[in-house]
Amino acid sequence: MTTQFKESIETALHNSNLTGALGRFSEAYRISRAKAYEGIDFEATRDQIVEIKSDASSRFEELAVQFKQSAEACGAKVFRTSDPEQVKKYILDLAKEKGVKRVVKSKSMASEEIHLNKALEAAGMEVDETDLGEWIIQLAHQTPSHMVMPAIHMTKEEVATVFSEEVEEGQMPDIPKLVKFARAKLRPKFLAADMGITGANIAVAESGSLVIVTNEGNARLVSTLPGIHVAIVGIEKLVAMVKDIQPILTALPRSATGQLLTSYVSIISGAVPNTDGTPKELHIILMDNHRSDMAKDPMFKPALQCIRCATCLNVCPVFRLVGGHVFGKTYTGGIGTILTAWFDELKKADDIQGLCIQCGSCVPLCPGKIDIPGLILELRRRLVVEKGQSLAMKAIFGVVNNRRLFHSMLRMASVTQKPFTTGRFIRHLPLFLSDMTEFRSLPAVAPSPLRDTIKKIDQPKAKAKEKVVFYAGCLIDFCYPEMGESLVKILNKAGIEVVFPDDQTCCGAPARYNGAYEVAGQNAKDNIKALLATEASYVVSACPTCTVALKHDFIDTFKSLGDTGTMADAEKLSAKTIDFSTLIKKLVDEGRLTLKEGEALGKITYHDSCHLKRTLKASDEPRELLKMAGHEIAEMYECDTCCGMAGSYSIKLPEISAPILERKLKHIKETGASKVVMDCPGCVMQIRGGLDKDGTPIRAEHTVESLANRFK
Amino acid sequence: MNSTFEAFKTKAEAVSAEVHRFPTQAEALAFILGFLQESGVSDAPQCGAVWAAGSFLDGARKDDLKVKVPGITFEVTKEASADSKVGISQLDWAISSTGTLVQDAAAVEKRLVSTLPTIHVAILGTDRILADMGSVLEHLRPQQIDYISFITGPSRTADIERVLTIGVHGPARLIIVVVDEFQKVTA
Ligand code: SF4
Ligand code: SF4
């Protein structure tokens, strides 16, 4: 990571206006979004959107040709180009030919993508953004920090200062007054402009229509008052039919601002008369700029289903801490990372791709059904392929790839860490590693790993007819063997023998999440071999990240690598793999496990781990089990928001991981529960470590520990 | 018709539009004239009212209206609209599920009166309220109409600290006048 990037994160984190505003917004957003979707079938709507947009991106060329025909039949001029320079040249030439002096713009991300304003101003034109947020950042010489609310990072005081310094002295930080001021100052600009520039939210091939939504009404003025209207439209805005408008406009305002419909929607399908009776000069520029390259890449094609609603920013635990500016100049947040890599260049995404904590919060809410974290991982992989892995990472993965070496190093760690441990925590680490323990204590490596202790457990072999293979994962194996022992105890109660194949190794998630797919692929192969060697009804894991690796990632990694050799076995393993709580719930439902009755175990709260909730879709199972055991669950606020752990994320970006954890701890404490339970050893490490560091007497434990002694 | 109207009214009011319903055109007209007077429409600068053509005005004696409320003009220009307090126009359709008004706005006058003045009075036939956007787009077809406007409440912004503020560039008030007995509504 570049120092400059790290500095931009620092600056953002220390901007309390920013983190405060974004934090409050993200909380209010969820509520207003949910309310706006009342009575609407979101899943059905987004299925429609996916169908419309994926069909369109399969045939951009055809739709662009059709669009040009339809629009030109109604008096527009359509210019198609793949080159941003040509877009600028076209507009400059047109402006020159028509003697344009003053330009008003309504919001257009495509124009920002190509830095149009700079080019127009350099040619001596006066250019004014008219969307209030855009105008503010234009006056402040900044770039938008959010796709829907460009100036969300600024306070009213800052806006008043900008207005006073740039427009007219003496403006007060009073929002209605500031808005009135903007109206008064921009009105003459609208009336005097000779050219209006807009973007478009949708472009319909069938009718040559542009669909433009705004709340302020500025696009209506920009497209009505000046004699020339230029619309810059990325080809990903194309859809085939007029009937495709409705599903997109059902989702866009609801997801973007929690409105049923934006105040103004204009569907412009031809050159209309100007105020002086002359016909409007309507120029539509269909800009490609790598969009059709993207459409040809089967992995990234779905990213073209984006409707720019910014949900993936609003619900992102990282975005709400750092805001948009650390992401770059135009497109921000998770999807912005992907768009920047394509529309700008892959290299530009090098630092920012690391911001995604891979929590998956954005995925179930994205109207375009885009697997944003998945695509960011793929970017990471490609970056590693392009520029190679860093030496330090290479060294680490060299070790991880060699199970014996890796495991003997972990065993050694339990000895070498001695000077730093207190009880079962490492509280301080020497020198450069000290960042890791700054905001939470780390668990000490256990004196003997699970792979040793499990052999000492006397399992009821004689009775057991059924076997289950246990995949522990590094954390349970080496740091929390007691979790594994509890799992054995519970399954034994169901008359099941637990088999622990010694050849199991790291699940490959760390390598995969760092773009080292070859290493992840080798880990996958070793594990598939080890785990399928025993005939068993299930392969169970008590670590959701590992479960996801076994169930999904192995297959995806092989796909990315184009390695089909072990695919059949990977699928076999996937079918057998199950997470701890889902398996236990199943056994309880089948009557094979019975909880002790009449226990009153008190109030606890439950933290949903990202992978368990969103990839494995298990959130009721652990709760039901804990309730059956006799616990009362006091739900915490944002129970399914990431705890900030995310594997090596907390090592690479501790400055972001720490405040995410802090928030989580606050919500845990607010419930008044004496215990917080979760299904992931990684989350236990993060949350237990945070509670320890902070001296809070709340216990953090894995569901497997809470349930260990609860079965008959 | 009543339940559709009620649904429309609820949604429109939820986004700060003001909705009034009248059985006849005459009553609606009386309301509008009264409203203009109350709002201080006059022939003083910045106090005018621009009224865009529409079937509601067919048969109306425009000169009489001008006498009743000096300041009304039926000659809609950019200058007159920019100088007016109130803009009046007739809308073609409405959507009950979102409280939206829809208009064939290819004629520039219709856009001028609903964008530049601070108050927009929108006239609508009760039977023109449909369920959703899709139904409206079957009547007002983008394949045939060059400019279709959808209006849902007054102009708004939340660009400064996310505080909702009404009336940025467009009207700050949207008065919807719904008329039951609307003889000759244009399609
Ligand atoms: S990626 Fe999805 S959630 Fe993000 S802006 Fe695009 S459509 Fe909205
Ligand atoms: S996966 Fe999580 S961190 Fe990544 S973009 Fe989505 S919400 Fe943000």
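Description of the structure in this document.

Rules behind the numbers
- Residues numbered from 1 in each chain as written.
- Chains lettered and ligands numbered in written order.
- Predicted model: local features only at pLDDT ≥ 70, side-chain atom pairs only at ≥ 80, totals over all residues.
- Heavy atoms only, no water.
- Helix = DSSP H or I, 4+ residues; strand = E, 2+ residues; numbered from the N terminus.
- Rg over C-alpha atoms; globule rule 2.2 N^0.38 Å.
- Contact = heavy atoms within 4.5 Å.
- Areas by Shrake-Rupley, 256 points an atom, 1.4 Å probe, with all protein chains shown as cover.
- Lys, Arg positive; Asp, Glu negative; His and termini not counted.
- Charge placed at Lys NZ, Arg CZ, Asp CG, Glu CD.
- Near = heavy atom within 4 Å.
- Nonpolar A, V, L, I, M, F, W, Y, C, P; charged D, E, K, R; others polar.
- Pairing = 2+ DSSP bridges.
- Axes fitted to C-alpha atoms, helices over the stretch in contact; angles between N-to-C directions.
- Core = buried A, V, L, I, M, F, W, Y, C linked by side-chain atoms within 4.5 Å.
- Buried < 20%, exposed > 50% of the residue type's maximum accessible area, 1.4 Å probe, protein only.
- Domains from an automatic or database assignment.
- Parallel < 35°, antiparallel > 145°, perpendicular 65-115°, else oblique.
- Left-handed = near helix turned anticlockwise from the far one by under 90°.
- Polar contact = N/O pair within 3.5 Å; in protein donor to acceptor, adjacent residues only side chain to side chain.
- Buried area = accessible area lost by both parts, 1.4 Å probe.
- Salt bridge = Lys/Arg side-chain N within 4 Å of Asp/Glu carboxyl O.
- Disulfide = S-S within 2.5 Å.

## With respect to the overall build of chain A
Check the secondary structure of chain A and you find 33 helices and 21 strands. Against the 2.2 N^0.38 benchmark of 27 Å for 712 residues, chain A shows a C-alpha radius of gyration of 28 Å, consistent with a compact globule. Each of the three principal axes of chain A carries a C-alpha extent, and together these read 95 × 55 × 50 Å. Partitioning the contacts of chain A with sequence separation of at least 6, the portion at a separation of at least 24 is 78%. Of the roughly 26,700 Å² that chain A leaves accessible, carbon and sulfur atoms contribute 54%. Considering chain A, the positive charge centre built from 90 side chains and the negative charge centre built from 88 side chains are found 3 Å apart.

## Concerning the site of ligand 1
Taken together, 13 residues sit near ligand 1, with C306, C309, A310, C312 and C366 of chain A positioned nearest. Its residues placed into classes, the shell around ligand 1 shows 11 nonpolar, one polar and one charged.

## As for the sheet that holds strand β1 (residues 76-81) of chain A
All names here are of chain A. The parallel open sheet is built from six strands, whose spatial order is β1-β10-β7-β4-β2-β3. On the outer flanks of this sheet lie β1 and β3 (126-129), each paired with one strand and no other. On average, adjacent strands in this sheet sit at an angle of 20° to one another, irrespective of strand direction. In the packing of helix α4 (residues 60-73) onto the sheet, contacts are made with β1 and β10 (281-287), and the angle to β1 comes to roughly 160°.

## Considerations on the nonpolar core
It is characteristic of soluble globular proteins that their nonpolar side chains tend to be buried jointly. Residues and elements named next belong to chain A. Membership of the largest hydrophobic core comes to 84 residues, with the highest contact counts inside it found for F67, V322, I338, L355 and I656. Examining the composition of this core, we find that six residues originate from one element, helix α16 (residues 333-344), more than from any other. Here this core spans two domains, and each of domain 1 (6-291) and domain 3 (602-707) adds at least three residues to it. Core analysis: the second largest hydrophobic core is formed by 62 residues, A494, I578, A629 and I668 among them.

## Focus on the packing of helix α25 (residues 544-561) of chain A against helix α26 (residues 567-576) of chain A
All names here are of chain A. The geometry of α25 relative to α26 is characterised by a closest axis approach of 8 Å and an angle of 165° between their N-to-C directions. Judged by the inter-axis angle, α25 sits roughly antiparallel to α26. For the pair α25 and α26, the sense of crossing is left-handed. Here α25 contributes L550, K551, F554, I555, F558 and K559 to the contact with α26, which in turn contributes M567, A570, E571, L573, S574 and A575. Class assignment of the residues belonging to the contact of α25 with α26 gives a composition of eight nonpolar, one polar and three charged.

## Overview of the environment of E281 of chain A
All names here are of chain A. Structurally, E281 can be placed in strand β10. As for E281 and H229, which are separated by 52 residues in sequence, their C-alpha atoms are 6.1 Å apart. When sequence neighbours within four positions are dropped, the list of residues in contact with E281 reads K77, L94, K98, G227, I228 and H229. Among the polar contacts made by the side chain of E281, one reaches the side chain of H283 at a distance of 2.7 Å.

## With respect to the interface of chain A and chain B
Accessible area lost when the parts come together is the quantity often used to give the size of an interface. Contacts between the two partners involve 60 residues from chain A, matched on the other side by 45 residues from chain B. Taking both partners together, chain A and chain B bury about 4,500 Å²; carbon and sulfur atoms supply 59% of that area. Applying the counting criterion to the chain A and chain B interface returns one salt bridge. Close ionic contact of K156 of chain A with E161 of chain B constitutes a salt bridge, the shortest N to O distance being 3.8 Å. Linking chain A with chain B are 29 residue pairs in polar contact (both at pLDDT 80 or more). Secondary-structure elements contributing two or more residues to the side of chain A that touches chain B are α2 (16-36), α8 (132-139), α9 (156-166), α10 (175-192), α11 (218-224), α12 (245-257) and β9 (264-268) of chain A. Here the residues of the side of chain A that touches chain B sort into 33 nonpolar, 18 polar and nine charged. Across five bridges, the pairing between β9 of chain A and strand β9 (residues 147-151) of chain B is antiparallel. Opposite V265 of chain A, over in β9 of chain B, you have F150 of chain B as the bridge partner.

## A closer look at the state of the cysteines
Under the criterion given, the structure shown has zero disulfides over all chains. Left unpaired, C683 of chain A is separated from the closest cysteine sulfur, that of C680 of chain A, by 3.8 Å.

## Regarding the pattern of salt bridges
When charged atoms on two side chains of opposite charge get close, those side chains can pair. All names here are of chain A. With the rule as written, the count across this model stands at 54 salt bridges over all chains. For D128, the salt bridge is made with K189, and the minimal N-O distance between the two is 3.4 Å. Of the two residues, D128 sits in strand β3 while K189 sits in helix α10, which places them 61 residues apart along the sequence. We classify D128 as buried; its relative accessible area is 9%. A salt bridge links D608 to R623, with the nearest nitrogen and oxygen atoms 2.7 Å apart. Highlighted residues: D608 in the loop between β18 (602-607) and α28 (610-615) and R623 in helix α29 (residues 620-629), separated in sequence by 15 residues. In this structure, D608 and R623 share a single accessibility class: buried. What emerges from the salt-bridge pattern is a single network uniting E113, E236, K237, R291 and R308.

## What to know about the packing of helix α22 (residues 481-493) of chain A against helix α27 (residues 580-589) of chain A
Residue and element names in this part refer to chain A. Relative to each other, α22 and α27 sit at 20°, their axes nearing to 11 Å. Relative to α27, α22 is oriented roughly parallel. Judged by the sense of rotation from one axis to the other, the crossing of α22 with α27 is left-handed. Facing α22, whose interface residues are L487, I490 and L491, α27 presents F580, L583, I584 and L587. Taken together, the residues of the contact of α22 with α27 sort by class into seven nonpolar, no polar and no charged.

Structural measurements only, silent on function.
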